[in-house]
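Examination of the molecular architecture
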Amino acid sequence: MPPPLPPPSTPPVPLATLLARTDLGLRQLAGPREGVAIHWVHTSEMADPVPYLLGGEMLLTAGVHLAEVRRDAGQEAAAALDGYLDGYAARTVAAGAAALGFGIAPVHDTVPRALVAACDRHGLPLVEVPAGTPFTAVESAVWQAVTEARHRELTRLSEAQRALAAAAARPDPATAVLRALARHVHGWTALLAPDGAEHGSAGPRPDPAVRAAAGRLARVVGAGGPSSATDTLPGTSLSAYALTGRARGSRARALVVAADPHDPPAHAIAGVAAVLLSLITGPATEQGPVAAGHAAALVHLLLGARPAEVAPLLGAPLWTVVHAERRRDTTQSASSLAAALGTPLVARGDGPEPGTAAGTRTAPDPGPFPTLRALVPAAQEITAHPGWTLGVSAPAPVAELPAADRHAASALRRALAGHASLVRHRTPGPHSITSLVAPADAHQHAQALLAPLADSPALLTTLHHWLSLHGSWDRTATALGIHRNTVRQRITRIAGLLDTDLDDPDVRMELWFALRSLDRGAAPG
């Protein structure tokens, strides 16, 4: 059985949060009761749901497959069921599922005792879902909790970014940034030379083992190694970032951060601090005019400038956004992709957070199959790159880069769904059908037509992809990372809300134009 995929970038939901909701009435019967995190929910009555699990799910079942085992086993039903349930629990754990939810009614009056024993044996949390709680209520509760947690994370990231930018403008900026970073990651931060010498620190002093590991990471990234590296110790996650702004030819200092291993936003906050410290510790004049312009633009943005105001500093009037995902069968690095694209403006995208193994793990790229984003001057040609799948936007001025970013993301999803190495977003020309209607009128019509979906970004996004992929259930499921049955359910729901026939090509065409009109103003999801 292949290993489960890395968990998604969305915040996990503690199982305890679901158990605490009295409206759901869930009750845990077996398995560990602490540290259980749910990333999403999947319902299956299959005897072997493993091929449909990504890892991190709460798998929900009403036990229909158990009744079939009893019927087929005859007189040895009890023994056969015990063996079947043991294998079922073992496979579910191996697939990476976080918990199993067993629904009471209409098939079973109680959770089978053999299933409780099997889940205890294999360390799988088992939750009883009462007869009055539909599975959709559990799924809705999970996504509500994810949304709330994501909002808290984004608020925290925004506050940390403002604090770090303000610290960078103080008289002793490096020290101020270290202190602000320590406050916002709730940990220890330090600037270390490759020989381990400390050039400033903030936050609670770590124990000697953590300090020694921090010195090792500083040597890894500071002496010509990868740009970042991580290490995991009991109760602590260490990250080190080479401060690339230092003078050329020097051995770079490293920013080292010790934080809670269960705090993913701390990594994003540290990344912002690393960029600021690179600018602070390395004079812009030593970076060349292009890099100096990029650095100046970044500082202005962090201090509150609008994109259009920093556009002249970037040196190019038009830019192309590239979204890239590394294929499973390659070891090509992000640096090789950046070199091929001819740009240093490459950053990790919004894909899965990297897993962290015990011991030091150097990380020139984030995670096993990372998603990256790049900004490329429009004058440079972008072609397919071995080992990567690319989605490419149309050239856009700086003020329109958010829309270009959405277009590149959509193009990447189409490329992944169609197994293409590169897909380009095409902007309608001056003689396209869309040019026959004024943009304001088209946008107003689109808002009215799609109003029943306005409060459901997931439905808008599903419709957008389903139409762009010519109504293919499988390709849409691949592009969105969901099961094909979920796509069918959403499209059926959309047809009901819009009160229309989605099999009618005229209806599909009108909806596609409406979605494109919305996309030119705001993302569909």
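One structure accompanies this document, and this report is about it. (Residues numbered from 1 in each chain as written. Predicted model: local features only at pLDDT ≥ 70, side-chain atom pairs only at ≥ 80, totals over all residues. Heavy atoms only, no water.)

**Points about the overall build of the protein**
Defined as follows: Under the DSSP-based scheme used, a helix requires at least four consecutive residues in state H or I and a strand at least two consecutive residues in state E, with every element numbered from the N terminus. Relative accessible area decides the class of each residue, using a 1.4 Å probe on protein chains only: under 20% of the type maximum gives buried, over 50% gives exposed, and in between gives partly exposed. Throughout, a residue-residue contact means that at least one pair of heavy atoms, one from each residue, lies within 4.5 Å. In short, Shrake-Rupley with a 1.4 Å probe defines the accessible areas, and a residue's cover is counted only from the protein chains shown.
The helix and strand inventory of the protein stands at 17 helices and 18 strands. Considering the protein as a whole, with its 525 residues, one finds that 45% of them fall into the buried category. Excluding contacts between residues fewer than 6 apart, the proportion of contacts in the protein whose partners are at least 24 apart in sequence is 66%. Per element, the accessible surface of the protein, about 25,300 Å² overall, is 56% carbon and sulfur.

**Some remarks on the pairing of strand S10 (residues 228–233)**
We apply this condition: A pair of strands is considered paired only if DSSP assigns at least 2 bridges between the two.
For S10, the tally of buried residues reaches five of six residues, placing the bulk of the element in the interior. Bridge count between S10 and strand S11 (residues 236–242): six bridges; the pairing is antiparallel. When the sheet's bridge partners are listed, Thr-230 is paired in S11 with Ser-239. Hairpin connection from S10 to S11: two residues lie between these consecutive antiparallel strands, with Gly-235 at a positive phi of about 80 degrees.

**Considering helix H12 (residues 401–417)**
Selection rule: An expected span of 1.5 Å times one less than the residue number is assigned to each helix.
Over its 17 residues, H12 extends 24 Å from the first C-alpha to the last, a length consistent with the 24 Å expected when each residue adds 1.5 Å. The element H12 is largely enclosed, with a buried count of 12 among its 17 residues. Of the residues making up H12, those classed as buried are Leu-401, Ala-403, Ala-404, His-407, Ala-408, Ala-409, Ser-410, Ala-411, Leu-412, Arg-414, Ala-415 and Ala-417. One or two residues past the end of H12 sits His-419, with phi positive at roughly 55 degrees.

**Comments concerning the sheet that holds strand S18 (residues 422–424)**
Our working rule: Axes here mean lines fitted to C-alpha atoms, for a helix over just the part in contact, with angles spanning 0 to 180 degrees between N-to-C directions.
Spatially, the five strands line up as an open sheet ordered S14-S16-S13-S17-S18, and their pairing is mixed. Two strands in the sheet have a free side with no partner beyond their single neighbour: strand S14 (346–348) and S18. Direction aside, the axes of adjacent strands within the sheet are offset by 20 degrees on average. The sheet contact formed by strand S13 (residues 319–326) and strand S17 (residues 388–392) spans five bridges and is antiparallel. For Glu-325, the partnering residue across the bridge sits in S17 and is Thr-389. Where H12 meets the sheet, its contacts fall on S13, strand S16 (371–377), S17 and S18, and the angle it forms with S13 comes to roughly 35 degrees.

**Structural notes on the environment of His-483**
Keep this limit in mind: In protein, a polar contact requires one atom able to donate a hydrogen and another able to accept it; more generally it is a pair of N or O atoms within 3.5 Å, and residues adjacent in sequence count only if both atoms are side-chain atoms.
With respect to the helices and strands, His-483 occurs in the loop between helix H15 (473–480) and helix H16 (484–498). Judged by relative accessible area, which is 23%, His-483 ranks as partly exposed. C-alpha of His-483 to C-alpha of Trp-473: the two residues are 10 residues apart in sequence and 9.0 Å apart in space. When residues no more than four places from it in sequence are discounted, the contact partners of His-483 are His-42, Tyr-52 and Ala-477. Here Asn-485 takes part through its backbone nitrogen, which lies 3.0 Å from a polar atom of the side chain of His-483.

**Considering the side chain of Gln-28**
In this structure, Gln-28 sits in strand S2 (residues 27–30). For Gln-28, a relative accessible area of 10% gives the class buried. In this structure the side chain of Gln-28 is engaged in a polar contact, spanning 3.1 Å, whose partner is the backbone oxygen of Ala-30. Polar side-chain contacts of Gln-28 include one of 3.4 Å to the backbone oxygen of Gly-31.

**Comments concerning unusual backbone geometry**
If you check the backbone angles, His-186 has positive phi at about 55 degrees while not being a glycine. Residue position: His-186 is located in the loop between helix H6 (173–185) and strand S8 (188–192). Judged by its relative accessible area of 62%, His-186 falls in the exposed class. With phi around 55 degrees, Asp-499 is a residue other than glycine that occupies positive phi space. Given the relative accessible area of 70%, Asp-499 is considered exposed.

**Examining the nonpolar core**
What counts here: In plain words, nonpolar cores are sets of buried Ala, Val, Leu, Ile, Met, Phe, Trp, Tyr and Cys residues tied together by side-chain atoms within 4.5 Å.
Membership of the largest hydrophobic core comes to 25 residues, with the highest contact counts inside it found for Leu-164, Leu-181, Val-185, Leu-191, Leu-255, Val-257 and Leu-277. At the level of elements, helix H5 (135–168), H6, strand S12 (254–259) and helix H8 (265–281) are the ones that each hand at least two residues to this core. If sequence neighbours within four positions are ignored, Val-185 has contacts with Arg-156, Val-257, Ala-259, Asp-263, Ala-266 and Ile-269. Core analysis: the second largest hydrophobic core is formed by 22 residues, Leu-53, Leu-66, Tyr-84 and Ala-118 among them.

Note that every value here comes from positions in space, so none of it alone points to a role or purpose.
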